[in-house]
Amino acid sequence: MILVVGANGMLGQDLMGLLGERGRGVDLPDIDITDMVSVQQVLTALKPKVVINCAAYTDVDGCESNTETAMQVNGEGVAFLALVTREIGAKLVQVSTDYVFDGSKGSPYREDDLQQPLNIYGESKLAGELNVDINPDNLLVRTQWLYGLHGKNFVETMLKLGQEKTDLTVVDDQIGSPTWTMDLARGIIALVDKDCRGTYHCANSGHTSWNGFAKAIFDEAGLPVQVLPMTTEQLNRPARRPLYSTLDCSKLVADTGFEPQPWHEALKQYLNLRKEA
């Protein structure tokens, strides 16, 4: 049995849908990963073969003012999961982020590139990456710029604003790969089914800026919105962001045969599914 922790979230729900009868899901209040006793009780009772941790504190700017919570959820919680999965002989799959990198490399990041986070969110996720090694039977999957049917995300924000405004200003100097949670879920399952261990990157292929992503959303949705450029410096958010954090996913392709589709194709599919839903 594959246990999805954080099963009610955007990625968790897509994983549950794809896993079908192989999957079982838990979330708050049934499990609290920041509480060792809670983790022990749930995992020893269910005895899964694989635990996929989708539970995370992902408010990047919020992490700056809630450092303790970020470290508890994204760092300590992973340590508790790693300790208990090691005890019960289960594999731990941890989902991490491009924000462990500082964005200065200038080309897509590979799995073994040096992590140098710029913000508290990145630091807390890096703590999780280090803690996952408490269980040697682990799989670490880094991804980025997630959107999906089951949670707040950039696509939904843009579509809402597109109904209200005729022009918007969006950052055009941060570059990455918009990633549909359904494709990330497929990649994670491909890695689990091949019994892969260690670190992998999984994101939709190709890259763009947040500005380019917004334009594509409005074009595909048929919304006549003018998208104007601005810099990260002009936006002036509490947390610093990496300017170029595209991930190299060639190891995933080589080891599983699963190749994430181009980000623009994924966006089209998502918007079509969204209409049906």
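Here, residues in each chain are numbered from 1, in the same order as that chain's written sequence. Only residues with pLDDT of 70 or above have their local features reported here, since the model is predicted, and side-chain atom pairs are shown and tallied only from 80 upward, although totals for entire chains, interfaces and linings are computed over all residues. Computation of side-chain values covers all heavy atoms of the structure but excludes hydrogens and water.

K.L.:
Help me get a handle on the sheet that holds strand E10 (residues 198–201), residues and values and all.
P.N.:
If you walk across this open sheet you meet the six strands as E2-E1-E3-E4-E5-E10, and the pairing is parallel. A strand with exactly one partner marks an edge of an open sheet, and here the two such strands are strand E2 (23–26) and E10. On average, each strand axis in the sheet is inclined to that of its neighbour by 20 degrees, with strand direction left out of account. Note: two strands are recorded as paired if DSSP finds a minimum of 2 bridges between them. A helix here means a DSSP run of H or I that spans at least four residues, while a strand means a run of E at least two residues long, and both kinds are numbered starting from the N terminus. Across four bridges, strand E1 (residues 2–5) lies against E2 in parallel orientation. Paired with Ile2 across the bridge in E2 is Gly23. The criterion used for residue contact is that any of the two residues' heavy atoms lie within 4.5 Å. A fitted line through C-alpha atoms represents every axis, and for helices the fit uses only the stretch in contact; the resulting angles, taken between N-to-C directions, go from 0 to 180 degrees. Lying on the sheet, helix H1 (residues 10–19) is in contact with E1, E2, strand E3 (50–53) and strand E4 (91–97); it crosses E1 at an angle near 160 degrees.

K.L.:
Provide a residue-level description of the side chain of Asn138, including the pertinent values.
P.N.:
Tracing the chain through its elements places Asn138 in strand E5 (residues 138–143). Within polar-contact distance, the side chain of Asn138 engages the side chain of Asp133 at 3.2 Å. Sequence-distant contacts of Asn138, defined by excluding residues within four places in its chain, comprise Lys91, Leu92, Val132, Asp133, Arg197 and Gly198. Whenever two N or O atoms come within 3.5 Å, that pair is a polar contact, provided that in protein one can donate a hydrogen and the other can accept it, and provided that, for residues adjacent in sequence, both atoms are side-chain atoms.

K.L.:
Describe the pairing of E4, with residues and values.
P.N.:
Buried residues are those whose accessible area, probed at 1.4 Å on protein chains only, stays under 20% of the maximum for their type, while exposed residues exceed 50% and partly exposed ones sit between those limits. Of all the seven residues making up E4, seven are buried; the element is thus mostly covered by neighbouring parts of the structure. The pairing of E3 with E4 spans four bridges and is parallel. By the bridge assignment for E4, Asn53 is matched with Gln94. By convention, orient the strands away from the viewer: a clockwise path from the first strand over the helix to the second makes the crossover right-handed. Running through helix H5 (residues 120–131), the crossover from E4 to the neighbouring parallel element E5 is right-handed.

K.L.:
Outline the environment of Leu18, supporting the account with residue identities and numerical values.
P.N.:
Relative to the helices and strands, Leu18 resides in helix H1. It is 7.7 Å that separates the C-alpha atoms of Leu18 and Ala185, two residues lying 167 residues apart in sequence. The residues touching Leu18, leaving out its near neighbours within four places in the chain, are Met182, Ala185, Arg186 and Ile189.

K.L.:
Run through the pattern of salt bridges, naming residues and quoting values.
P.N.:
For this analysis, a salt bridge means a side-chain nitrogen from Lys or Arg found within 4 Å of a carboxyl oxygen belonging to Asp or Glu. Summed over the entire model, instances satisfying the criterion amount to 13 salt bridges. The residue Asp248 makes a salt bridge to Arg110 at a minimum N-O spacing of 3.2 Å. Here Asp248, found in the loop between helix H9 (232–235) and helix H10 (250–256), pairs with Arg110, found in the loop between E4 and H5; they are 138 residues apart in sequence, far enough to count as distant. Lys160 is the partner of Glu164 in a salt bridge, and the nearest nitrogen-oxygen pair spans 3.1 Å. With Glu164 and Lys160 both in helix H6 (residues 154–164), this residue pair falls four residues apart, about one helical turn. Salt bridges sharing partners connect three or more residues here, namely Lys91, Asp137, Asp195 and Arg197.

K.L.:
Let's hear about the side chain of Asp14: which residues, and what values?
P.N.:
You can see Asp14 is positioned in helix H1. Charged residues are defined narrowly, with Lys and Arg counted positive, Asp and Glu counted negative, and His plus the chain ends left uncounted. Salt bridges are absent for the buried Asp14, whose nearest opposite-charge side chain, Arg186, sits at 8.4 Å. Polar contacts involving the side chain of Asp14 include one to the side chain of Thr181, which spans 2.6 Å. A polar contact is formed between the side chain of Asp14 and the backbone nitrogen of Met182, at a distance of 3.3 Å.

K.L.:
Tell me what's going on with the environment of Tyr147, and back it up with residues and numbers.
P.N.:
As for its position among the elements, Tyr147 is in strand E6 (residues 146–147). Expressed as a C-alpha distance, the spacing of Tyr147 and Gly257, which sit 110 residues apart in the sequence, is 23 Å. Setting aside anything within four residues of it in sequence, one finds Tyr147 in contact with Met10, Asn153, Val155, Pro178, Thr179, Trp180, Thr181, Phe213, Trp263, Ala266, Leu267 and Tyr270. A distance of 3.2 Å separates the side chain of Tyr147 from the backbone nitrogen of Leu267, its partner in a polar contact.

K.L.:
An account of the packing of aromatic side chains is requested, with residue identities and associated values reported.
P.N.:
Note on aromatic contacts: the rings of Phe and Tyr and the six-membered ring of Trp form a pair at centre separations within 6.5 Å, being stacked when their planes are under 30 degrees apart, edge-to-face when over 60 apart, and tilted otherwise. In the structure shown here, the tally under the stated rule is 10 aromatic pairs. Here the aromatic rings of Trp180 and Tyr270 are separated by 6.4 Å at their centres, their planes lie at 70 degrees, and the arrangement is edge-to-face. With a gap of 90 residues between them, Trp180 in strand E9 (residues 179–180) and Tyr270 in helix H11 (residues 263–276) connect regions that are remote in the sequence. The pair Trp180 / Tyr270 is uniform in exposure class, with both members buried. A ring pair is formed by Phe213 and Trp263, whose centres lie 5.8 Å apart and whose planes are at 85 degrees; its orientation type is edge-to-face. Of this pair, Phe213 sits in helix H8 (residues 210–221) while Trp263 sits in helix H11, and the two are 50 residues apart along the sequence.

K.L.:
Give a description of the state of the cysteines that names residues and reports values.
P.N.:
Disulfides are covalent bonds that link the sulfur atoms of two cysteine residues. Any cysteine sulfur atom paired with another within 2.5 Å is treated as part of a disulfide. The tally for this structure, following the rule as stated, stands at zero disulfides. With no disulfide of its own, Cys196 lies closest to Cys202 among cysteine sulfurs, the gap being 12 Å. What makes Cys196 buried here is its relative accessible area of 8%. Sulfur of Cys202: no disulfide; nearest cysteine sulfur belongs to Cys249 and is 5.9 Å away. When its relative accessible area of 1% is taken as the criterion, Cys202 is described as buried.

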